[in-house]
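# A look at the structure
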Amino acid sequence: MQKAFSPESFETRLYAWWMESKCFHAEDQSPKPAFSIAMPPPNVTGALHNGHALFVTIQDVLVRWKRMSGYNALWLPGTDHAGIATQMVVERELAKEGLKRQAMGRDAFLKRVWEWKEKSGDMIVEQMKKLGGSPDWDRLQFTMDPHLSKAVRHVFVTLFEQGLIYRGTRIINWCTRCQTALSDLEVKPTERKGHFYHLKYERTDGGAPLVIATTRPETLLGDTAVAVHPDDERYKGLVGKKVKLPLMNREIPVIADSYVDKEFGSGALKVTPGHDFNDYDIGKRHNLPVMGVFDKAGKINAEGKQYQGLSVTEAREKILADLETAELLVRTEDHLHSVGVCDRCERVAEPMVSEQWFMNVKPMAEKAIAAVRKGESLTLAEVEKRDDAIKIMPESWASTYYHWMENIRDWCISRQLWWGHQIPAWYCDKGHTTVSKENVSRCATCDSTSVRQDDDVLDTWFSSGLWPFTTLGWPEKTKAYNTFYPTNVMETGFDILFFWVARMIMLGMHFNEGKVPFKRVYLHAMVRDEKGQKMSKTKGNVIDPLDIIRDYGADAFRFTLSTMAGQGRDVKLSLDRIEGYKAFCNKMWNASRYVLMRLGHVASELPGDPIPKADFKKVTGGKPLADWVSENRADFHPLNKWILAELDKTITVVERGLEEFRLNESSQAVYDFVWGQYCDWYIEFSKELLGSVEHSARVGETQVCLMHVLEQSLKLAHPFIPFITEEIYQHLPERPGQKQGTPLMLASFPNASRYEGGERDIETVTVWKSAVDTLRAFRGENNISPKARPKVSYEVLNPKVGDQFIAGVPFIRALAQLETLAGETGDVDGELKRVEKDKQTTLADIEFTKAKLTKPTFIEKAPKELIDKEKDKLKALETKVAELDHALERLKKLK
RNA sequence: UGGAGUGUAGCUCAGCGGGAGAGCAUCCCCUUCACACGGGGAGGGUCGUAGGUUCAAUCCCUAUCACUCCAACCA
């Protein structure tokens, strides 16, 4: 084993070895219970970021743990074609070469995107490997693989036949830059500074003109009504009459609709059904004509008459100027309002009426809501046993989910892009539509052979919405499908709860006889920079995960992410923290190295080290260490019993944390145990145990315990820090029942033993530890040189603790670095001071406790156990004062 | 506008009804033969603010302030 811990020296080698040994492989069929996670497929738009690192870590921890716990564990990897995002990236690349997709043509363009996909997909896979991710790479899939594409068509055609997918002309969000329709989710409301314009609409009956406020004066070109609230006294007589649309020489009616807010603006609203979602609804209620005045490039069309050809912004300027001239612009105010912008390019999205494909999701949403409601009333364990309920964690997300699902609108699924699944609909020259799973060359209605496939592609989330089952071979009921559907855990970011998770639930239940696609959803938080800001290239605060791995190792990075992946809390990534966990890895490395030296299996650096080479076979009679330990534990030395008890406690905490997605608790427990108990105390105590003749009978037993506890710790830590634990494990000496060269990642995860006396064992050693602490504090406070080996005397005052203490004397002496623990004390003054101080605080404690116990309300109302506890405490404190008094007396005499 | 979350030591975070914890940072001592990515010691917090419930509140309730996020149809 190398002296220095250097992750780069083994990470790559071990990963390759795991791959060769097929350690990540999951069986399609197995007698073992199944556990599966469908990996959220990263977009093939480029490199991995910290958000990916977080999900890879969390999912890998869960999968490694389950795999070691005897499950046939499948983590199914893949990548997503990410329609708009990828097309945009490639278009940008092409622009550098002076190329445009329109000029290239569809086929040539797609060829380039595929090339990009190969490159980017490989890169992402490589990066996940660097992190130590253990998905079953043999099953790696891409959303546009032939099989998945076939499933997409199957779903499209089925939903079409069920009447849930239809083509219609409706108002949708349109990005004039990306030149495509967007779903509601792809439009992000953004605060923008704008103006509030008050315009005059003159009445045809010569009455006082109506004043109407708007932020978008250019849309007046498409106004087809003015609306007021039916109860608005100011406009009572006006409903049914007409007003003159400024500049357009058109008359439009005044209508009454309760959507209008009487308090807002002038209480009169211009209605533009062609370019506003609400106006569209109002228009439908009142049978208003829908007038589109922008074209798809965002230019005014022929309906805009004299403004035709102007862009939206140009038209606004011109119209305002013309209104001003016509004295129809009453006033202008500054106004901060939110506008919808394209999620991808941030250009303002234009609501526009257009013919698109839609999915009616309402019926599916109802079932999807019911499944989560059911999950809410069940525990995590109960939900695992069924296939009709979903538990969302952290639970606070459930209400957000309901709200969205209850108000869900039809999903616009067509996109005017080239990269994606082309819609399986064909139109013939007579205008008939044929929807089919197979390519169509003849119209199903009129047999015309002049057919053309719809140019558009499906929203990217259409195919990823099928991910948990299409990746298992669906619609065929494959062995893998039967084994792994429903999957157990969906672990992803809350930012795609609606985009993805909700749609998987709806489509999953719809196409799998009501069976949910996953039983538990764990939504992790965002990875931010150390100040809590979102990492973005423009802010320049992006930390590249590969840089972190290079500087600290994948394990330190993973451990950091695990400890910070507490529920519902953003991960603020700080390099200091990562460095701290690298130190932990280093500690683990060196502790292991020491243990191996002490077992005589690695050349000791101590000249003349008296410790014999550990012969486990002889000590345990050929039994595996774990078995031998549990059979003989009751007779072990208190120190060995104690560390085994601490180990049991740790295993329990680690397992509970993993079960409840509290990875931070689990990783913290591992850290505290390995460093705070095993290294800081047990190893130090063991030096005395192994090094002194007095305990020579305990050497074999202690060597077994050192080994056994180290091995269990490695297993416990493995899911979090797979590389270093595996590397150390491969250096462990031969043990009975243990085949050398088998990977740790396939070893079985520790179980807490059922041994009863653990608490008592812990108590004993706690007495020793606190004695050492006291002596060390005394040295520190009194500036006694670390080199000094003072002689210290002790006196047993409390016989109960006394026996425990006496057994620990040699160990306390060793750890406190004393010459003797029995003789005369060196510095009486200092000790007097310390004991005096201790007495004072103890007296204060007594006062506090007495006050509590003499309070009548406390005696009456507090639970009996607590009162007893307080009484016991008081007694103990009083005894302690008596002891301290005794000690003071003695010290004074010595002086 | 509505909903959710967060506010604890200088920093990053645990704890969440019975007298406040960790890591890092700071200060002091130590190159003791696994580890200076180390060992030992010390200092440091009226647990955002104000009320309330309770024998008892950092923890529960109410209000309030600050930050963050989510959902939104106010032109």
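Refer to the preceding data block for the structure.
One structure accompanies this document, and this report is about it.

Reading the values: the criteria
- Residues numbered from 1 in each chain as written.
- Chains lettered and ligands numbered in written order.
- Predicted model: local features only at pLDDT ≥ 70, side-chain atom pairs only at ≥ 80, totals over all residues.
- Heavy atoms only, no water.
- Core = buried A, V, L, I, M, F, W, Y, C linked by side-chain atoms within 4.5 Å.
- Buried < 20%, exposed > 50% of the residue type's maximum accessible area, 1.4 Å probe, protein only.
- Helix = DSSP H or I, 4+ residues; strand = E, 2+ residues; numbered from the N terminus.
- Contact = heavy atoms within 4.5 Å.
- Pairing = 2+ DSSP bridges.
- Axes fitted to C-alpha atoms, helices over the stretch in contact; angles between N-to-C directions.
- Disulfide = S-S within 2.5 Å.
- Arc of directions from axis to C-beta.
- Polar contact = N/O pair within 3.5 Å; in protein donor to acceptor, adjacent residues only side chain to side chain.
- Salt bridge = Lys/Arg side-chain N within 4 Å of Asp/Glu carboxyl O.
- Phe/Tyr/Trp six-rings, centres within 6.5 Å; stacked < 30°, edge-to-face > 60°.
- Lys NZ or Arg CZ within 6 Å of the ring centre and 35° of its normal.
- Parallel < 35°, antiparallel > 145°, perpendicular 65-115°, else oblique.
- Left-handed = near helix turned anticlockwise from the far one by under 90°.
- Nonpolar A, V, L, I, M, F, W, Y, C, P; charged D, E, K, R; others polar.
- Expected span 1.5 Å × (residues − 1).
- Patch = residues over 30% accessible without salt bridge, like charges linked within 9 Å, V, L, I, M, F, W, Y side chains within 5 Å.
- Areas by Shrake-Rupley, 256 points an atom, 1.4 Å probe, with all protein chains shown as cover.

This brings us to the nonpolar core. Ranked by internal contacts, the top residues of the largest apolar core, which has 124 residues, are F557, L573, W642, Y678 and F685. When residues of this core are assigned to their parent elements, the largest contribution, 13 residues, is made by helix α22 (residues 663-691). With residues near it in sequence (within four places) discarded, W642 still touches Q677, W681, Y682, F685, D761, I762, V765 and K769. With 66 residues, the next largest nonpolar core counts M405, W461, I505 and L507 among its residues.

Backbone-to-backbone hydrogen bonds join strands into a sheet, with any given pair of strands oriented parallel or antiparallel. The four strands are arranged β6-β5-β14-β16 in an open sheet whose pairing can be described as antiparallel. In this open sheet, the two edge strands, each paired with only one partner strand, are β6 (180-182) and β16 (411-412). Relative to strand β5 (residues 165-175), helix α7 (residues 277-286) is tilted by about 140 degrees, and along the sheet it contacts β5 and β14 (350-359).

This brings us to the sheet that holds strand β18 (residues 425-428). The strand order across the open sheet built from three strands is β19-β18-β20, with neighbouring strands paired in antiparallel fashion. One side of each edge strand has no neighbouring strand; the edge strands of this open sheet are β19 (433-435) and β20 (451-453). Strand-to-strand twist in this sheet, taken as the mean axis angle between neighbours without regard to direction, amounts to 30 degrees. In terms of strand pairing, β18 meets β19 through three bridges, oriented antiparallel.

Sheet analysis places strand β7 (residues 187-203) next to strand β13 (residues 329-342), joined by 13 bridges and oriented antiparallel. Residue P189 lies in a different strand from β13, and its bridge partner there is G340. Of the pairings in the sheet, the one linking β7 to strand β8 (residues 210-214) comprises five bridges and is antiparallel in character. By the bridge assignment, Y197 is partnered in β8 with T214. With antiparallel pairing between neighbouring strands as the criterion, β7 and β8 make up a hairpin whose turn holds six residues, including G206 at a positive phi of roughly 80 degrees. As defined by bridge partners, β7 adjoins strand β10 (residues 242-245) across two bridges and the pair is classed as antiparallel. By the bridge assignment for β10, E202 is matched with K244.

Moving on, we come to the state of the cysteines. A full pass over the atoms with the stated rule returns zero disulfides. Just so you know, C443 is unpaired, no disulfide at all, and the nearest cysteine sulfur is the one on C428, 3.7 Å from it. Here C443 falls in the buried class, since its relative accessible area comes to 1%.

Once that is clear, we can look at helix α16 (residues 545-552). When α16 is considered as a whole, its buried residues turn out to be P545, I548, I549 and Y552. Along the axis of α16, the buried positions cluster into a sector of 100 degrees, meaning they face one direction only. On the buried face of α16, the contacting elements are α1 (11-20), α2 (50-68), α5 (106-130), α17 (554-564) and α18 (575-598). The backbone nitrogen of L546 lies 2.8 Å from a side-chain oxygen of the residue at the head of α16, namely D544. Positive phi shows up at G553, right after α16, with a value of about 95 degrees.

Applying the stated criterion across every chain yields a total of 52 salt bridges. Of the charged contacts in the structure, one is a salt bridge between E233 and K236, with a shortest N-O distance of 3.8 Å. Judged by relative accessible area, which is 62%, E233 ranks as exposed. Linking D547 and R550 is a salt bridge whose minimum nitrogen-to-oxygen distance equals 3.2 Å. Of this pair, D547 and R550 are both found in helix α16, three residues apart, which corresponds to roughly one turn of the helix. The class of R550 is exposed, set by a relative accessible area of 58%.

Scanning the entire structure with this criterion turns up 45 aromatic pairs. Where F469 meets Y485, the ring centres are 6.0 Å apart and the plane angle is 85 degrees; that geometry is what we call edge-to-face. Of this pair, F469 sits in helix α13 (residues 467-470) while Y485 is found in the loop between α14 (479-484) and β22 (487-493), placing the two residues 16 residues apart along the sequence. Residue classification places Y485 among the buried positions, given a relative accessible area of 7%. One aromatic cluster is present, built from ring pairs that chain together W642, F673, Y678, W681, Y682, F685, W768 and F811. When the ring centre of Y729 is taken as reference, the NZ or CZ atom of R735 above it lies at 5.5 Å.

This next bit is on the packing of α2 against helix α21 (residues 638-659). Two elements in contact, α2 and α21, have axes separated by 11 Å at closest approach and are oriented at 120 degrees. The orientation of α2 with respect to α21, classified from their angle, is oblique. Handedness of the crossing formed by α2 with α21: left-handed. Note on element contacts: α21 touches α2 through E655, L658 and E659, opposite V61, L62 and W65. Per-class residue counts for the contact of α2 with α21 are four nonpolar, no polar and two charged.

What follows concerns the packing of helix α9 (residues 362-376) against helix α11 (residues 396-406). Working note: a packed helix pair is described by the angle between its axes plus the distance between those axes. Packing of α9 against α11 leaves a shortest axis separation of 10 Å and a crossing angle of 160 degrees. If you check the angle between α9 and α11, you find them roughly antiparallel. By crossing handedness, the relation of α9 to α11 is classed as left-handed. Counting all contacts with α9, which are made through K362, A365, A368, I369, V372, R373 and E376, the residues of α11 involved are A398, Y401, Y402, M405 and E406.

A separate point is helix α23 (residues 699-717). Between its terminal C-alpha atoms α23 stretches 27 Å, which fits the 27 Å expected from 19 residues at 1.5 Å a residue. Extensive coverage of α23 is indicated by the burial of 19 of its 19 residues.

This part takes up a nonpolar patch on the surface. On the surface, Y794, V796 and I806 cluster together to form a nonpolar patch covering roughly 220 Å² of accessible area. When you line up the elements, I806 lands in helix α26 (residues 799-815). Judged by its relative accessible area of 41%, I806 is partly exposed.

A word on the side chain of R101. Mapping R101 onto the fold places it in helix α4 (residues 101-104). A relative accessible area of 8% means that R101 is categorised as buried. Residues within four places of R101 in sequence aside, it is in contact with Q87, E91, F109, C178 and W418.

Here the bond from M393 into P394 is cis, since omega is -10 degrees, no more than 30 degrees from zero. Inspection of the secondary structure assignment puts P394 in the loop between β15 (391-393) and α11. In this model, W474 is joined to P475 through a cis peptide bond whose omega is 10 degrees. Tracing the sequence through the fold places P475 in the loop between α13 and α14. Phi is positive for N287, which is not a glycine, with a value near 55 degrees. Position of N287 among the secondary structure elements: in the loop between α7 and α8 (312-325). You will see that Q817, though not glycine, has its phi angle at about 55 degrees, which is positive. Mapping Q817 onto the fold places it in the loop between α26 and β27 (820-821). The exposure class assigned to Q817 is partly exposed, which follows from its relative accessible area of 36%.

The next thing to look at is the environment of E701. The residue E701 is located in helix α23 in this model. Note: C-alpha distance between E701 and L329 (372 residues apart in sequence) is 94 Å. Apart from the residues within four sequence positions on either side, E701 is in contact with V619, W628, D635, F636, H637 and N640.

Secondary-structure assignment places S667 in helix α22. Polar contacts involving the side chain of S667 include one to the main-chain carbonyl oxygen of L663, which spans 2.9 Å. Those residues within four positions of S667 in sequence are excluded, and the remaining contacts are F559, S562, T563 and F720.

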